[in-house]
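Inside the fold
Spelled out from the first residue to the last, the chains are:
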Amino acid sequence: QVQLAESGGGLVQAGGSLRLSCAASGRTFSRYNMAWFRQAPGKEREFVAGIRWSDDSTYYANSVQGRFTISRDNAKNTVYLQMNSLKFEDTAVYYCAASTTSIVAPNYWGQGTQVTVSS
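Before going into details, it helps to say that this report is about the structure given with it. (Residues numbered from 1 in each chain as written. Predicted model: local features only at pLDDT ≥ 70, side-chain atom pairs only at ≥ 80, totals over all residues. Heavy atoms only, no water.)

Digging into the overall build of the protein chain
- Secondary structure assignment for the protein chain yields zero helices and eleven strands.
- Along its sequence from the N terminus, the protein chain presents helices and strands in the succession β-β-β-β-β-β-β-β-β-β-β.
- For the protein chain, the C-alpha radius of gyration of 13 Å lies close to 14 Å, the compact-globule estimate for 119 residues.
- Dimensions of the protein chain, computed from C-alpha atoms along their principal axes, come out at roughly 40 × 25 × 25 Å.
- Surface exposure of the protein chain reaches about 6,200 Å², of which carbon and sulfur atoms provide 45%.
- Separation of charge centres in the protein chain, based on 11 positive and 8 negative side chains, amounts to 4 Å. (Helix = DSSP H or I, 4+ residues; strand = E, 2+ residues; numbered from the N terminus. Rg over C-alpha atoms; globule rule 2.2 N^0.38 Å. Areas by Shrake-Rupley, 256 points an atom, 1.4 Å probe, with all protein chains shown as cover. Lys, Arg positive; Asp, Glu negative; His and termini not counted. Charge placed at Lys NZ, Arg CZ, Asp CG, Glu CD.)

Okay, structure coming up:
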């Protein structure tokens, strides 16, 4: 069982930056694939970025490639999402997720944190 708690969301102007954090409970955090998803109003939840536990390989949605960076600190049981050059269309609730198998098929979800980008 893993419990996830996101933080770091807020209001930012277009072009600005935010860093989201996701603190995880559990002693086996280092064995989970971790990911960030987001859901904008009226849209389906979508994959944003993921990091594999075995080799720290990272994966990004085309829409955020080159602007967002996912990383993890296993000693702190925390995964981060650094978001730069934010755009209005990045506005969404961002969810942290953990998976024992596929990065895009999480077993566990956080409650989400709101990111609002003003144009």
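Structural notes on the side chain of Ser99
- For Ser99, the position within the fold is in strand β9 (residues 92-99).
- Within the structure, the side chain of Ser99 is placed 3.5 Å from the backbone oxygen of Ala105, a separation counted as a polar contact. (Polar contact = N/O pair within 3.5 Å; in protein donor to acceptor, adjacent residues only side chain to side chain.)

Points about the pairing of strand β4 (residues 33-39)
- β4 sits mainly inside the fold: six of its seven residues count as buried.
- Pairing of β4 with β9, which is carried by seven bridges, proceeds in the antiparallel orientation. Counterpart to Arg38 in the pairing with β9 is Tyr94.
- In sequence, β4 turns back onto strand β5 (residues 46-51) through a hairpin of six residues, with Gly42 there showing a positive phi of about 80°. (Buried < 20%, exposed > 50% of the residue type's maximum accessible area, 1.4 Å probe, protein only. Pairing = 2+ DSSP bridges.)

A short note on the pattern of salt bridges
- Under the counting rule described, the total for this entry stands at three salt bridges.
- The salt bridge involving Glu46 is made with Arg38; its shortest N-O contact spans 2.7 Å.
- We classify Arg38 as buried; its relative accessible area is 6%.
- Ionic pairing is found between Arg67 and Asp90, a salt bridge with its closest N-O pair at 2.7 Å. Of this pair, Arg67 sits in the loop between β6 (58-60) and β7 (68-73) while Asp90 sits in the loop between β8 (78-83) and β9, and the two are 23 residues apart along the sequence.
- Linked through salt bridges whose partners overlap, the residues forming this network are Arg38, Glu46, Arg67 and Asp90. (Salt bridge = Lys/Arg side-chain N within 4 Å of Asp/Glu carboxyl O.)

Let's talk about the sheet that holds strand β1 (residues 4-7)
- As summarised here, the arrangement of the four strands in space is β1-β3-β8-β7, forming an open sheet in which the pairing is antiparallel. Of all strands in the sheet, those bounded by a partner on one side alone are β1 and β7. If you compare each strand with its neighbour and ignore which way they point, the axes differ by 15° on average. (Axes fitted to C-alpha atoms, helices over the stretch in contact; angles between N-to-C directions.)

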